[in-house]
Amino acid sequence: MELIYEKSVDGRAGVRLPAGDVPAASPLPAGFLRGEPAGLPELSELDVVRHFTQLSRRNIGVDTTFYPLGSCTMKYNAKALEEGARLFTPFHPMVPLLPGGEKFSQGALAILHRMGKLLEEITGMDAVTCQPLAGAHGEVTGIMLIAAYHKAKGNRKRYVIVPDSSHGTNPSSAAMVGYEIVTVPTDACGDMDREKYKAALSGEVAAVMMTCPNTLGLFNPHIKEICALAHAVDALVYYDGANLNAILGKLRPGDVGFDVVHVNLHKTFGTPHGSGGPGSGPVGVKQALVPYLPVPRVVEGGDGRFSLDSDRPLSIGRTANFFGNFGVIARAYGYTLMLGKEGLIDAGELAVLNANYVLARLKDLYDLPYDQTCMHECVFSASRQLRHDIRAIDIAKFLIDKGFHPPTVYFPLIVKEAIMIEPTETESKATLDAFIEAMREAAVLAEKDPAALKRAPVTTPISRPDETKAAREQKVCHFGC
Ligand SMILES: *Cc1c(COP(=O)(O)O)cnc(C)c1O
């Protein structure tokens, strides 16, 4: 498809303005005007509408397609939440920070405060900050809080332990805060190997980062013991709650020994995401870490009014401009209230049920490296199909032709030819059945006509781009190109 600049026709325009009847004057002082025209594309309104509408139809999103991208929770998000968040668009984020501005910001401050309170209740933590702008940002914030805790206690700590099934952001976040990473392998049951974990623990360990259920979609039955062993050497335990769906209303990380948790509002709590934004990764902590939380804190006075507290000498400081991604937080607040306690429990149960349905209906045709009841996602391996030279990527590409966004492939790294499916709670049985049929068709084709799979996708404008080149040499057009 042509770029919009390539469609430009000299002199074409979307509007005809009447000739001016006042002398031309520049609003800018001399010297501020550009010498040359900006080089904007010249098109009619219809050209522009068709261009962008056609582009949007090539886009794949949850609103158009089932999107079972494991570890990403690409679920449908109710449009009512958009409306709610939009109410705040006229509100400038600077307002609460101006002298006397808190008075004019009570609604926004109430949302920030109440969302924090709801997350405290959901995660079993003592306090929450909604500042971090993504899951990974929440992780860095959480590890900074842990570092501040150890520093204040005079603890000399060097290491952060992560299982080898962890999301890549876990070791990266800990490394960014200055810790060395110790990776513990996964045992035959899909859990962090407990003997190797015990061997890795020492007085120099600052924290253990756990995802539970982990990226294999499996719940670790030993988390209480893992937390207790860490606490015995004054290491804190971090819960990566990016995919909280699986345990919503069933388990609170704070109740089983975790000290810090981040959640992804843009995965579990009603906000669309993808293509890099926008996100929100609130962090909850236990009492011992509260003094270090980012400023300003939104506090509620005895009169029910909200204000900002920046007078917290031990705080790690700000981790985001203003108050984080307020629009995302407002959506999540709406989502949580809309579902209520029973609704959140239903969401979690359906997420787990749907994943187990897919697992049960595909395990005769695809290898299941860790054959157990899963939580919110299941991880297959295309190793059986590899015998016919068919790889996970070929199956993923075939699914595009069938009208589905592919699942996550090649992650978690510990599963060869991984296909990681997270159906989420918002999909109907009919959609799951159609997806399962497409997956089954792919498995049959792998044996009978592997070349057909290798050709996929045939329904897209570009079939198989060189992915490295596509990322490194983007054809992005800007003014003047
Ligand atoms: C998505 C995810 C993250 C990172 O969240 P971002 O918002 O993408 O930074 C961390 N851990 C797990 C398990 C995730 O699925």
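Residues numbered from 1 in each chain as written. Predicted model: local features only at pLDDT ≥ 70, side-chain atom pairs only at ≥ 80, totals over all residues. Heavy atoms only, no water.

Caption draft 1: Broad picture of the site of the ligand. The ligand sits among 14 residues. The nearest are Ser71, Gly135, Asp240, His266 and Lys267. Asp240 has a polar side-chain atom sitting 2.6 Å from a nitrogen atom of the ligand. The separation between an oxygen atom of the ligand and a polar side-chain atom of His266 is 2.7 Å. About the coverage of the ligand: the protein hides 87% of its 380 Å² of free accessible area. (Near = heavy atom within 4 Å. Polar contact = N/O pair within 3.5 Å; in protein donor to acceptor, adjacent residues only side chain to side chain. Areas by Shrake-Rupley, 256 points an atom, 1.4 Å probe, with all protein chains shown as cover.)

Caption draft 2: Spatial organisation of the domain arrangement of the chain. As far as domains go, the chain holds domain 1 (79-338) and domain 2 (341-460). The gap between the C-alpha centroids of domain 1 and domain 2 is 30 Å. Note on domain 1 versus domain 2: buried area summed over both sides is about 1900 Å², and carbon and sulfur give 64% of it. Across the domain 1-domain 2 interface, the total number found is one salt bridge. A salt bridge links Lys250 to Glu349, with the nearest nitrogen and oxygen atoms 2.5 Å apart. Summed over the shared surface of domain 1 and domain 2, the number is four residue pairs in polar contact (both at pLDDT 80 or more). Looking at the side of domain 1 that touches domain 2 residue by residue, the class counts come to 11 nonpolar, 12 polar and three charged. (Domains from an automatic or database assignment. Buried area = accessible area lost by both parts, 1.4 Å probe. Salt bridge = Lys/Arg side-chain N within 4 Å of Asp/Glu carboxyl O. Nonpolar A, V, L, I, M, F, W, Y, C, P; charged D, E, K, R; others polar.)

Caption draft 3: Representation of the packing of helix H2 (residues 79-86) against helix H9 (residues 326-362) within the structure. At their nearest, the axes of H2 and H9 sit 8 Å apart, and the two run at 130 degrees to each other. By the angle between their directions, the pair H2 and H9 is classed as oblique. Note that H2 runs across H9; the crossing there is right-handed. Only Gly327, Ala330, Arg331, Gly334, Tyr335 and Met338 of H9 make contact with H2, whose side of the interface consists of Leu81, Glu82 and Ala85. (Axes fitted to C-alpha atoms, helices over the stretch in contact; angles between N-to-C directions. Helix = DSSP H or I, 4+ residues; strand = E, 2+ residues; numbered from the N terminus. Parallel < 35°, antiparallel > 145°, perpendicular 65-115°, else oblique. Left-handed = near helix turned anticlockwise from the far one by under 90°. Contact = heavy atoms within 4.5 Å.)

Caption draft 4: Structural context of helix H7 (residues 223-232). Looking at H7, one finds that the buried residues are Ile223, Ile226, Cys227 and Ala230. Along the long axis of H7, the arc covered by the buried residues comes to 95 degrees, so they all point the same way. Along H7, the residues that are exposed and aim more than 90 degrees away from the buried face are Lys224 and Ala232. Those residues of H7 hidden inside the fold are in contact with helix H6 (194-200), strand E4 (205-210) and strand E5 (236-241). One or two positions beyond H7, positive phi appears at Asp234, with a value near 55 degrees. (Buried < 20%, exposed > 50% of the residue type's maximum accessible area, 1.4 Å probe, protein only. Arc of directions from axis to C-beta.)

Caption draft 5: Structural detail: the sheet that holds strand E10 (residues 378-381). Here three strands make up an open sheet; going across it, the order is E10-E12-E11 and the pairing antiparallel. Taken across any chain shown, the strands that pair with only one partner, and hence form the sheet edges, are E10 and strand E11 (408-409). Relative to strand E12 (residues 418-421), E11 runs antiparallel, the two being bridged by two bridges. Bridging from a neighbouring strand, Thr408 pairs with Met420 of E12. (Pairing = 2+ DSSP bridges.)

Caption draft 6: Seen up close, helix H3 (residues 106-123). With 18 residues, H3 ought to run about 26 Å at 1.5 Å a step, and its terminal C-alpha atoms sit 25 Å apart, in line with that. Where burial is concerned, most of H3 is hidden: 13 out of the 18 residues are buried. Just beyond H3, the residue with positive phi is Gly124, at close to 75 degrees. (Expected span 1.5 Å × (residues − 1).)

Caption draft 7: Geometry of the environment of Leu43. Locating Leu43 in the fold gives a position in the segment before helix H1 (45-58). Expressed as a C-alpha distance, the spacing of Leu43 and Lys7, which sit 36 residues apart in the sequence, is 7.4 Å. Leaving out residues up to four positions away in the same chain, Leu43 has contacts with Ile4, Lys7, Ser8, Arg12, Ala13, Gly14 and Val48.

Caption draft 8: Main features of the sheet that holds strand E6 (residues 260-263). Spatially, seven strands are ordered E1-E7-E6-E5-E4-E2-E3 in an open sheet, and the strand pairing comes out mixed. In this open sheet, the two strands that pair with only one neighbour each are strand E1 (127-129) and strand E3 (180-184). Along the sheet, successive strands turn relative to each other by an average axial angle of 20 degrees, direction set aside. Across three bridges, the pairing between E6 and strand E7 (residues 283-285) is antiparallel. Paired with Val260 across the strands is Val285, a residue of E7. Its contacts with the sheet place H3 against E1 and E6, and it is angled at close to 125 degrees to E1. In the packing of helix H4 (residues 135-153) onto the sheet, the strands contacted are E4, E5, E6 and E7, and the crossing angle to E5 comes to about 170 degrees.

Caption draft 9: Structural detail: unusual backbone geometry. For the bond from Cys212 to Pro213, the omega torsion is 5 degrees, close enough to zero to count as cis. Unlike most non-glycine residues, Thr73 shows phi in positive territory, near 50 degrees. Looking at the secondary structure, you find Thr73 in the loop between H1 and H2.

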